[in-house]
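Observations on the model geometry
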Amino acid sequence: MRLIWILCATFILFSCQENVKKETTMKEDVFALADDTFNGRQTGTEGELQAATYIEERFKEIGLVPKGYQNNYTQTFTFRPSSNPHEQAEFTGLKSDSTLTGTNVIGFIDNKASTTVVIGAHYDHLGMGGEGSLYREEKPAVHNGADDNASGVAVMLNLASKLMDATAENTKDNNYLFIAFSGEEMGLLGSNYFVKNSTVDKNGITYMINMDMVGRLNEENTIAVHGVGTSPIFKQTLFANNDYGLTIAEHNSGIGPSDHTSFYLADIPVLHFFTGQHEDYHKPGDDAEKLNYEGMQKISDYIHAIIVDLNDDGKLAFRKTKDESEEVPRFKVGLGVVPDYLFTGEGMRIDGVSEDKPAQKAGLLKGDIVKKLGAFEVIDMMSYMKALATFEEGQTTKVVIEREGAKQEVEVTF
(Lines give C-alpha, C1' and ligand atoms only; values in the text may rest on other atoms or scores of the structure.)
Protein backbone atom coordinates (compact mmCIF):
# COMPACT_ATOMS: atom_id res chain seq x y z
CA MET A 1 0.00 0.00 0.00
CA ARG A 2 2.86 2.33 0.89
CA LEU A 3 4.51 1.61 -2.48
CA ILE A 4 1.28 2.49 -4.34
CA TRP A 5 1.05 5.78 -2.41
CA ILE A 6 4.67 6.69 -3.30
CA LEU A 7 4.08 5.90 -6.99
CA CYS A 8 0.91 8.03 -7.03
CA ALA A 9 2.69 10.91 -5.30
CA THR A 10 5.56 10.71 -7.78
CA PHE A 11 3.15 10.73 -10.72
CA ILE A 12 1.33 13.78 -9.35
CA LEU A 13 4.65 15.59 -8.77
CA PHE A 14 5.84 15.03 -12.35
CA SER A 15 2.43 16.01 -13.71
CA CYS A 16 2.58 19.30 -11.79
CA GLN A 17 6.12 19.99 -13.03
CA GLU A 18 5.01 19.48 -16.62
CA ASN A 19 2.22 22.01 -16.13
CA VAL A 20 4.59 24.66 -14.76
CA LYS A 21 5.53 26.87 -17.72
CA LYS A 22 9.24 27.57 -17.96
CA GLU A 23 9.96 31.29 -18.02
CA THR A 24 11.78 32.46 -21.15
CA THR A 25 15.22 33.82 -20.33
CA MET A 26 16.78 36.99 -21.72
CA LYS A 27 19.38 34.84 -23.45
CA GLU A 28 16.65 32.87 -25.23
CA ASP A 29 14.95 36.11 -26.31
CA VAL A 30 18.20 37.52 -27.71
CA PHE A 31 19.08 34.31 -29.58
CA ALA A 32 15.56 34.25 -31.06
CA LEU A 33 15.53 37.90 -32.19
CA ALA A 34 19.13 37.83 -33.45
CA ASP A 35 18.64 34.69 -35.52
CA ASP A 36 19.28 34.75 -39.27
CA THR A 37 15.59 33.89 -39.73
CA PHE A 38 14.67 37.58 -39.37
CA ASN A 39 17.33 38.78 -41.86
CA GLY A 40 18.42 41.67 -39.64
CA ARG A 41 14.92 43.01 -38.81
CA GLN A 42 15.10 45.99 -41.17
CA THR A 43 12.09 48.31 -40.89
CA GLY A 44 9.28 47.50 -43.29
CA THR A 45 10.57 44.04 -44.23
CA GLU A 46 9.08 40.60 -43.70
CA GLY A 47 11.88 39.90 -41.23
CA GLU A 48 10.81 42.81 -39.05
CA LEU A 49 7.19 41.67 -39.15
CA GLN A 50 8.24 38.17 -38.04
CA ALA A 51 10.22 39.69 -35.17
CA ALA A 52 7.16 41.78 -34.25
CA THR A 53 5.09 38.59 -34.13
CA TYR A 54 7.66 37.00 -31.80
CA ILE A 55 7.48 39.99 -29.43
CA GLU A 56 3.68 39.97 -29.56
CA GLU A 57 3.63 36.31 -28.54
CA ARG A 58 6.00 37.08 -25.68
CA PHE A 59 3.71 39.89 -24.52
CA LYS A 60 0.83 37.39 -24.49
CA GLU A 61 2.88 34.85 -22.51
CA ILE A 62 3.74 37.46 -19.90
CA GLY A 63 0.11 38.57 -19.64
CA LEU A 64 0.29 42.08 -21.07
CA VAL A 65 -2.90 43.38 -22.64
CA PRO A 66 -2.80 44.85 -26.16
CA LYS A 67 -2.50 48.63 -26.39
CA GLY A 68 -1.94 49.18 -30.09
CA TYR A 69 -4.59 50.07 -32.63
CA GLN A 70 -8.02 48.40 -32.70
CA ASN A 71 -7.37 46.38 -29.55
CA ASN A 72 -4.30 44.76 -31.11
CA TYR A 73 -0.69 44.73 -29.95
CA THR A 74 0.52 46.60 -33.03
CA GLN A 75 0.62 50.23 -34.09
CA THR A 76 1.58 50.60 -37.75
CA PHE A 77 2.77 53.74 -39.49
CA THR A 78 3.50 54.43 -43.13
CA PHE A 79 6.35 56.70 -44.16
CA ARG A 80 8.39 57.76 -47.14
CA PRO A 81 12.11 57.31 -46.42
CA SER A 82 14.30 60.35 -46.96
CA SER A 83 17.13 60.13 -49.50
CA ASN A 84 18.86 62.97 -47.62
CA PRO A 85 20.44 61.74 -44.35
CA HIS A 86 19.95 65.24 -42.86
CA GLU A 87 16.19 65.22 -43.44
CA GLN A 88 13.48 63.29 -41.59
CA ALA A 89 11.36 60.67 -43.26
CA GLU A 90 7.84 61.82 -44.09
CA PHE A 91 4.87 60.16 -42.38
CA THR A 92 2.00 59.55 -44.77
CA GLY A 93 -1.32 57.77 -44.49
CA LEU A 94 -1.13 56.60 -48.09
CA LYS A 95 0.77 53.47 -49.07
CA SER A 96 2.60 53.48 -52.39
CA ASP A 97 5.65 51.98 -54.08
CA SER A 98 7.80 54.68 -52.45
CA THR A 99 6.61 54.08 -48.87
CA LEU A 100 7.40 51.62 -46.11
CA THR A 101 5.33 50.50 -43.12
CA GLY A 102 6.82 50.23 -39.65
CA THR A 103 5.22 48.32 -36.78
CA ASN A 104 5.43 49.26 -33.10
CA VAL A 105 4.46 46.44 -30.71
CA ILE A 106 2.68 47.67 -27.56
CA GLY A 107 1.58 45.87 -24.40
CA PHE A 108 0.10 47.24 -21.18
CA ILE A 109 -0.20 46.53 -17.48
CA ASP A 110 -3.32 48.35 -16.29
CA ASN A 111 -3.13 48.95 -12.54
CA LYS A 112 -6.00 51.48 -12.75
CA ALA A 113 -3.52 54.20 -11.83
CA SER A 114 -3.61 57.82 -12.98
CA THR A 115 0.02 57.72 -14.14
CA THR A 116 1.81 55.49 -16.65
CA VAL A 117 5.48 54.58 -17.01
CA VAL A 118 6.64 53.90 -20.58
CA ILE A 119 9.36 51.25 -20.93
CA GLY A 120 10.74 50.95 -24.43
CA ALA A 121 13.41 49.46 -26.68
CA HIS A 122 13.70 49.43 -30.45
CA TYR A 123 13.75 46.04 -32.15
CA ASP A 124 14.53 47.00 -35.75
CA HIS A 125 18.06 46.81 -37.15
CA LEU A 126 19.94 47.14 -40.46
CA GLY A 127 18.84 44.05 -42.37
CA MET A 128 21.57 43.06 -44.81
CA GLY A 129 23.53 46.26 -44.22
CA GLY A 130 23.26 49.29 -46.49
CA GLU A 131 23.00 52.80 -45.05
CA GLY A 132 24.19 52.94 -41.48
CA SER A 133 26.32 49.79 -41.75
CA LEU A 134 30.03 49.96 -40.92
CA TYR A 135 30.64 46.68 -42.77
CA ARG A 136 33.01 47.24 -45.71
CA GLU A 137 32.94 43.88 -47.53
CA GLU A 138 31.25 43.74 -50.94
CA LYS A 139 29.10 40.69 -50.25
CA PRO A 140 25.94 41.53 -48.24
CA ALA A 141 25.65 39.89 -44.81
CA VAL A 142 22.91 39.63 -42.19
CA HIS A 143 23.25 42.29 -39.48
CA ASN A 144 21.60 40.44 -36.60
CA GLY A 145 21.85 43.26 -34.07
CA ALA A 146 22.09 41.16 -30.91
CA ASP A 147 23.33 44.05 -28.79
CA ASP A 148 21.63 46.60 -31.06
CA ASN A 149 18.99 46.05 -29.96
CA ALA A 150 17.77 42.54 -29.16
CA SER A 151 19.47 43.15 -25.80
CA GLY A 152 17.20 46.09 -24.96
CA VAL A 153 14.08 44.18 -25.99
CA ALA A 154 15.12 41.21 -23.83
CA VAL A 155 15.60 43.46 -20.78
CA MET A 156 12.23 45.10 -21.48
CA LEU A 157 10.53 41.67 -21.54
CA ASN A 158 12.30 40.71 -18.32
CA LEU A 159 11.04 43.87 -16.64
CA ALA A 160 7.52 43.17 -17.91
CA SER A 161 7.61 39.75 -16.22
CA LYS A 162 8.75 41.32 -12.95
CA LEU A 163 6.10 44.04 -13.06
CA MET A 164 3.32 41.53 -13.88
CA ASP A 165 4.03 39.72 -10.61
CA ALA A 166 0.74 39.88 -8.68
CA THR A 167 2.61 39.95 -5.38
CA ALA A 168 4.65 43.05 -6.29
CA GLU A 169 2.54 45.65 -4.51
CA ASN A 170 5.49 48.06 -4.47
CA THR A 171 5.00 48.81 -8.19
CA LYS A 172 1.20 49.10 -8.39
CA ASP A 173 0.88 52.91 -8.16
CA ASN A 174 1.62 53.22 -11.88
CA ASN A 175 0.44 51.58 -15.07
CA TYR A 176 3.19 50.25 -17.39
CA LEU A 177 3.28 50.59 -21.15
CA PHE A 178 5.84 48.44 -22.98
CA ILE A 179 6.79 49.46 -26.51
CA ALA A 180 9.07 47.67 -28.96
CA PHE A 181 9.80 50.48 -31.39
CA SER A 182 10.19 50.13 -35.15
CA GLY A 183 12.16 52.53 -37.34
CA GLU A 184 14.76 53.65 -34.80
CA GLU A 185 17.65 53.06 -37.19
CA MET A 186 15.93 55.22 -39.82
CA GLY A 187 15.57 58.20 -37.49
CA LEU A 188 13.58 57.37 -34.31
CA LEU A 189 10.47 56.94 -36.47
CA GLY A 190 8.48 54.54 -34.27
CA SER A 191 8.92 56.56 -31.07
CA ASN A 192 8.27 59.83 -32.90
CA TYR A 193 5.06 58.43 -34.34
CA PHE A 194 3.91 57.00 -31.02
CA VAL A 195 4.42 60.28 -29.14
CA LYS A 196 2.29 62.06 -31.75
CA ASN A 197 -0.30 59.24 -31.74
CA SER A 198 -0.18 57.89 -28.20
CA THR A 199 -2.49 55.01 -27.34
CA VAL A 200 -2.63 56.17 -23.70
CA ASP A 201 -3.27 59.60 -22.20
CA LYS A 202 0.04 61.35 -22.88
CA ASN A 203 -0.55 63.77 -20.01
CA GLY A 204 -0.53 60.82 -17.64
CA ILE A 205 2.93 59.57 -18.68
CA THR A 206 5.16 60.20 -15.67
CA TYR A 207 8.49 59.13 -17.22
CA MET A 208 10.01 56.98 -19.95
CA ILE A 209 12.79 54.36 -19.66
CA ASN A 210 14.72 53.38 -22.79
CA MET A 211 17.19 50.52 -23.24
CA ASP A 212 19.35 50.58 -26.35
CA MET A 213 22.49 48.39 -26.49
CA VAL A 214 22.63 47.06 -22.93
CA GLY A 215 24.19 43.69 -23.74
CA ARG A 216 27.91 44.26 -23.27
CA LEU A 217 28.49 45.37 -19.70
CA ASN A 218 32.27 45.62 -19.38
CA GLU A 219 34.63 44.36 -16.67
CA GLU A 220 34.31 47.69 -14.86
CA ASN A 221 30.52 47.26 -14.77
CA THR A 222 30.09 50.70 -16.35
CA ILE A 223 26.70 51.72 -17.67
CA ALA A 224 25.93 55.09 -19.22
CA VAL A 225 22.66 56.65 -18.10
CA HIS A 226 21.39 59.56 -20.17
CA GLY A 227 18.60 61.96 -19.22
CA VAL A 228 19.63 62.20 -15.55
CA GLY A 229 18.90 65.93 -15.61
CA THR A 230 15.38 65.62 -17.08
CA SER A 231 13.77 65.29 -13.63
CA PRO A 232 15.10 66.65 -10.30
CA ILE A 233 14.57 63.29 -8.60
CA PHE A 234 16.53 61.10 -11.01
CA LYS A 235 20.11 61.58 -9.80
CA GLN A 236 19.45 60.68 -6.17
CA THR A 237 17.28 57.74 -7.26
CA LEU A 238 19.97 56.34 -9.57
CA PHE A 239 22.68 56.32 -6.95
CA ALA A 240 20.46 55.31 -4.02
CA ASN A 241 19.49 52.09 -5.82
CA ASN A 242 22.89 51.06 -7.12
CA ASP A 243 23.29 47.93 -5.02
CA TYR A 244 24.66 46.00 -8.00
CA GLY A 245 28.25 47.20 -8.18
CA LEU A 246 27.60 49.30 -11.28
CA THR A 247 29.73 52.29 -12.24
CA ILE A 248 27.29 54.96 -13.41
CA ALA A 249 28.47 57.27 -16.21
CA GLU A 250 25.77 59.93 -15.92
CA HIS A 251 24.72 62.35 -18.65
CA ASN A 252 22.17 65.06 -18.03
CA SER A 253 20.86 65.65 -21.53
CA GLY A 254 17.57 64.18 -22.69
CA ILE A 255 18.71 64.46 -26.31
CA GLY A 256 20.53 61.54 -27.92
CA PRO A 257 20.47 59.10 -30.86
CA SER A 258 17.79 56.80 -29.46
CA ASP A 259 14.05 56.68 -28.79
CA HIS A 260 14.06 58.47 -25.41
CA THR A 261 14.65 61.71 -27.37
CA SER A 262 11.11 61.61 -28.83
CA PHE A 263 9.64 61.56 -25.31
CA TYR A 264 11.99 64.23 -23.95
CA LEU A 265 10.91 66.57 -26.77
CA ALA A 266 7.32 66.05 -25.54
CA ASP A 267 8.36 67.28 -22.05
CA ILE A 268 8.45 63.81 -20.50
CA PRO A 269 11.34 62.87 -18.13
CA VAL A 270 13.54 60.14 -19.61
CA LEU A 271 16.26 57.71 -18.58
CA HIS A 272 18.27 55.94 -21.28
CA PHE A 273 20.54 52.98 -20.42
CA PHE A 274 23.53 52.04 -22.62
CA THR A 275 26.60 49.81 -22.13
CA GLY A 276 28.69 51.37 -24.89
CA GLN A 277 29.80 50.86 -28.47
CA HIS A 278 32.16 48.11 -29.59
CA GLU A 279 33.95 46.74 -32.63
CA ASP A 280 30.82 44.85 -33.79
CA TYR A 281 28.56 47.92 -33.77
CA HIS A 282 26.50 48.04 -37.00
CA LYS A 283 28.39 45.06 -38.38
CA PRO A 284 27.44 41.41 -39.03
CA GLY A 285 29.51 40.37 -36.00
CA ASP A 286 26.96 41.70 -33.50
CA ASP A 287 25.82 38.19 -32.57
CA ALA A 288 24.02 36.68 -29.59
CA GLU A 289 26.90 34.57 -28.23
CA LYS A 290 28.97 37.71 -27.57
CA LEU A 291 26.62 39.26 -25.01
CA ASN A 292 27.09 39.46 -21.25
CA TYR A 293 23.85 37.90 -19.98
CA GLU A 294 24.80 38.13 -16.31
CA GLY A 295 25.39 41.83 -16.92
CA MET A 296 21.97 42.16 -18.56
CA GLN A 297 20.34 40.58 -15.50
CA LYS A 298 22.18 43.04 -13.28
CA ILE A 299 20.93 45.94 -15.41
CA SER A 300 17.36 44.64 -15.38
CA ASP A 301 17.43 44.26 -11.60
CA TYR A 302 18.86 47.77 -11.25
CA ILE A 303 16.18 49.35 -13.45
CA HIS A 304 13.50 47.44 -11.56
CA ALA A 305 14.84 48.83 -8.27
CA ILE A 306 14.58 52.35 -9.71
CA ILE A 307 10.98 51.70 -10.78
CA VAL A 308 10.12 50.44 -7.28
CA ASP A 309 11.70 53.52 -5.70
CA LEU A 310 9.72 55.87 -7.96
CA ASN A 311 6.46 53.96 -7.47
CA ASP A 312 4.85 56.35 -5.00
CA ASP A 313 6.30 59.62 -6.33
CA GLY A 314 3.30 60.42 -8.54
CA LYS A 315 3.87 62.32 -11.78
CA LEU A 316 7.50 63.35 -11.92
CA ALA A 317 8.53 66.95 -12.51
CA PHE A 318 10.09 67.58 -15.92
CA ARG A 319 13.19 69.69 -16.42
CA LYS A 320 14.74 70.80 -19.70
CA THR A 321 18.43 70.07 -20.18
CA LYS A 322 21.17 71.50 -22.33
CA ASP A 323 21.63 69.66 -25.60
CA GLU A 324 25.17 68.36 -25.13
CA SER A 325 25.52 67.66 -28.86
CA GLU A 326 25.25 71.41 -29.60
CA GLU A 327 28.43 72.05 -27.60
CA VAL A 328 30.60 69.75 -29.72
CA PRO A 329 33.21 71.89 -31.56
CA ARG A 330 34.13 71.47 -35.21
CA PHE A 331 37.36 69.68 -36.03
CA LYS A 332 39.85 70.24 -38.82
CA VAL A 333 41.89 67.20 -37.78
CA GLY A 334 41.39 63.88 -36.04
CA LEU A 335 43.61 61.87 -33.72
CA GLY A 336 42.35 58.59 -35.17
CA VAL A 337 41.04 57.00 -31.99
CA VAL A 338 37.73 55.69 -30.67
CA PRO A 339 37.08 57.34 -27.30
CA ASP A 340 35.80 55.23 -24.40
CA TYR A 341 32.50 56.98 -23.70
CA LEU A 342 31.96 54.93 -20.54
CA PHE A 343 35.20 56.09 -18.87
CA THR A 344 34.41 57.93 -15.64
CA GLY A 345 37.96 58.87 -14.60
CA GLU A 346 39.91 62.03 -15.42
CA GLY A 347 41.07 62.34 -19.03
CA MET A 348 40.01 60.67 -22.28
CA ARG A 349 40.60 56.92 -22.43
CA ILE A 350 41.23 55.37 -25.84
CA ASP A 351 38.98 52.42 -26.71
CA GLY A 352 40.42 51.78 -30.18
CA VAL A 353 43.11 53.05 -32.56
CA SER A 354 42.56 53.39 -36.32
CA GLU A 355 45.10 52.12 -38.82
CA ASP A 356 47.54 54.59 -40.37
CA LYS A 357 46.24 57.58 -38.37
CA PRO A 358 48.17 60.08 -36.18
CA ALA A 359 47.54 58.15 -32.94
CA GLN A 360 48.86 54.86 -34.33
CA LYS A 361 51.91 56.53 -35.88
CA ALA A 362 52.67 58.10 -32.48
CA GLY A 363 52.42 54.71 -30.77
CA LEU A 364 49.18 55.30 -28.84
CA LEU A 365 47.35 52.16 -27.72
CA LYS A 366 43.91 51.03 -26.63
CA GLY A 367 43.63 51.76 -22.89
CA ASP A 368 45.90 54.83 -22.94
CA ILE A 369 44.41 57.85 -21.13
CA VAL A 370 45.03 61.23 -22.77
CA LYS A 371 45.78 63.73 -20.00
CA LYS A 372 47.10 66.67 -22.01
CA LEU A 373 46.85 67.68 -25.68
CA GLY A 374 49.36 70.42 -26.49
CA ALA A 375 48.92 73.16 -23.89
CA PHE A 376 45.42 71.97 -22.97
CA GLU A 377 44.60 69.82 -19.94
CA VAL A 378 42.22 67.00 -20.79
CA ILE A 379 39.78 66.41 -17.92
CA ASP A 380 36.89 64.79 -19.77
CA MET A 381 35.50 64.17 -23.24
CA MET A 382 34.39 67.78 -23.78
CA SER A 383 37.77 69.26 -22.84
CA TYR A 384 39.44 66.75 -25.18
CA MET A 385 37.21 67.78 -28.08
CA LYS A 386 37.73 71.51 -27.40
CA ALA A 387 41.49 70.96 -27.36
CA LEU A 388 41.44 68.90 -30.57
CA ALA A 389 39.46 71.64 -32.34
CA THR A 390 42.38 74.08 -31.97
CA PHE A 391 44.73 72.09 -34.23
CA GLU A 392 45.12 72.11 -38.01
CA GLU A 393 46.46 69.58 -40.49
CA GLY A 394 50.26 69.41 -40.52
CA GLN A 395 50.71 70.66 -36.96
CA THR A 396 52.80 68.69 -34.47
CA THR A 397 52.15 68.72 -30.74
CA LYS A 398 53.07 66.95 -27.51
CA VAL A 399 50.49 64.59 -25.99
CA VAL A 400 50.70 63.42 -22.38
CA ILE A 401 49.15 60.00 -21.77
CA GLU A 402 48.81 57.67 -18.83
CA ARG A 403 49.63 54.03 -19.56
CA GLU A 404 49.37 51.39 -16.83
CA GLY A 405 49.57 54.07 -14.14
CA ALA A 406 52.64 55.87 -15.53
CA LYS A 407 52.66 59.13 -17.52
CA GLN A 408 54.40 59.33 -20.87
CA GLU A 409 54.85 62.08 -23.45
CA VAL A 410 54.56 61.38 -27.16
CA GLU A 411 54.70 63.57 -30.25
CA VAL A 412 51.72 63.58 -32.61
CA THR A 413 51.55 65.05 -36.10
CA PHE A 414 48.06 65.74 -37.49
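None of the values given here were measured: they were computed from a predicted structure.

1. What to know about the overall build of the protein
When helices and strands are tallied, the protein shows 10 helices and 16 strands. The C-alpha radius of gyration of the protein comes to 24 Å, within 12% of the 22 Å expected for a compact globule of 414 residues. Reported as C-alpha extents along the three principal axes, the dimensions of the protein are approximately 90 × 60 × 50 Å. Within the span of the protein, comprising 414 residues, buried residues form 51% of the whole. Taking the intrachain contacts of the protein between residues at least 6 apart in sequence as the baseline, contacts between residues at least 24 apart amount to 74%. Surface summary for the protein: the accessible area is close to 20000 Å², and the carbon and sulfur share equals 50%. With 38 positive and 62 negative side-chain charges, the protein shows a separation of 2 Å between the mean positions of the two kinds.

2. Remarks on the pairing of strand β15 (residues 396-403)
Two strands pair when backbone bridges link them, and strand β13 (residues 369-373) and β15 are joined in this way by four bridges, in the antiparallel orientation. Note on β15: the bridge partner recorded for L373 is V399. Counted between consecutive antiparallel strands, the loop separating β15 from strand β16 (residues 406-413) contains two residues, among which E404 sits at a positive phi close to 55°.

3. Topic: the confidence of the model for the protein
Here the protein averages 90 in pLDDT, while 92% of its residues score no lower than 70. With pLDDT under 50 throughout, residues 1-7 is counted as low confidence; its partners more than four residues away or in other chains account for zero contacts. A low-confidence stretch, residues 13-18 (pLDDT under 50), is modelled with zero contacts involving residues beyond four sequence positions or located in other chains.

4. Some words on helix α2 (residues 26-33)
Taken together, the buried positions of α2 are occupied by M26, D29, V30 and L33. End-on view of α2: buried residues confined to an arc of 95°, all on one side of the axis. Where the residues of α2 are buried, they touch α3 (46-62), α4 (146-164) and α8 (293-309).

5. Quick notes on the pattern of salt bridges
Using the criterion set out here, one finds 19 salt bridges in the structure. Of the charged contacts in the structure, one is a salt bridge between D280 and R216, with a shortest N-O distance of 3.0 Å. Taken together, the residues span a long stretch of sequence, with D280 in the loop between β10 (270-274) and α8 and R216 in the loop between β7 (205-211) and β8 (222-226) at a distance of 64 residues. Taken individually, D280 and R216 each receive the classification buried, so the pair is uniform in this respect. The salt bridge involving D340 is made with R349; its shortest N-O contact spans 2.7 Å.

6. Some words on the packing of α2 against α8
Following both chains from N to C, one finds α2 and α8 inclined at 115°, their axes separated by 10 Å at the closest point. The pairing of α2 with α8 is recorded here as roughly perpendicular in orientation. Considering only the axes of α2 and α8, their crossing is right-handed. Contacts between α2 and α8 pair M26, K27, V30 and F31 from the former with Y293, M296, Q297 and S300 from the latter. For the contact of α2 with α8, the class distribution of residues is five nonpolar, two polar and one charged.

7. What about unusual backbone geometry?
Look at the link from D148 to N149: it is a cis peptide, with omega at 5°. With respect to the helices, strands and loops of the structure, N149 is situated in helix α4. One non-glycine residue, Q70, lies in the positive phi region at around 50°. Take Q70: it is sitting in the loop between β1 (65-66) and β2 (74-80).

Reading guide: rules and limits
Residues numbered from 1 in each chain as written. Predicted model: local features only at pLDDT ≥ 70, side-chain atom pairs only at ≥ 80, totals over all residues. Heavy atoms only, no water. Helix = DSSP H or I, 4+ residues; strand = E, 2+ residues; numbered from the N terminus. Rg over C-alpha atoms; globule rule 2.2 N^0.38 Å. Buried < 20%, exposed > 50% of the residue type's maximum accessible area, 1.4 Å probe, protein only. Contact = heavy atoms within 4.5 Å. Areas by Shrake-Rupley, 256 points an atom, 1.4 Å probe, with all protein chains shown as cover. Lys, Arg positive; Asp, Glu negative; His and termini not counted. Charge placed at Lys NZ, Arg CZ, Asp CG, Glu CD. Pairing = 2+ DSSP bridges. pLDDT = per-residue confidence, 0-100. Arc of directions from axis to C-beta. Salt bridge = Lys/Arg side-chain N within 4 Å of Asp/Glu carboxyl O. Axes fitted to C-alpha atoms, helices over the stretch in contact; angles between N-to-C directions. Parallel < 35°, antiparallel > 145°, perpendicular 65-115°, else oblique. Left-handed = near helix turned anticlockwise from the far one by under 90°. Nonpolar A, V, L, I, M, F, W, Y, C, P; charged D, E, K, R; others polar.

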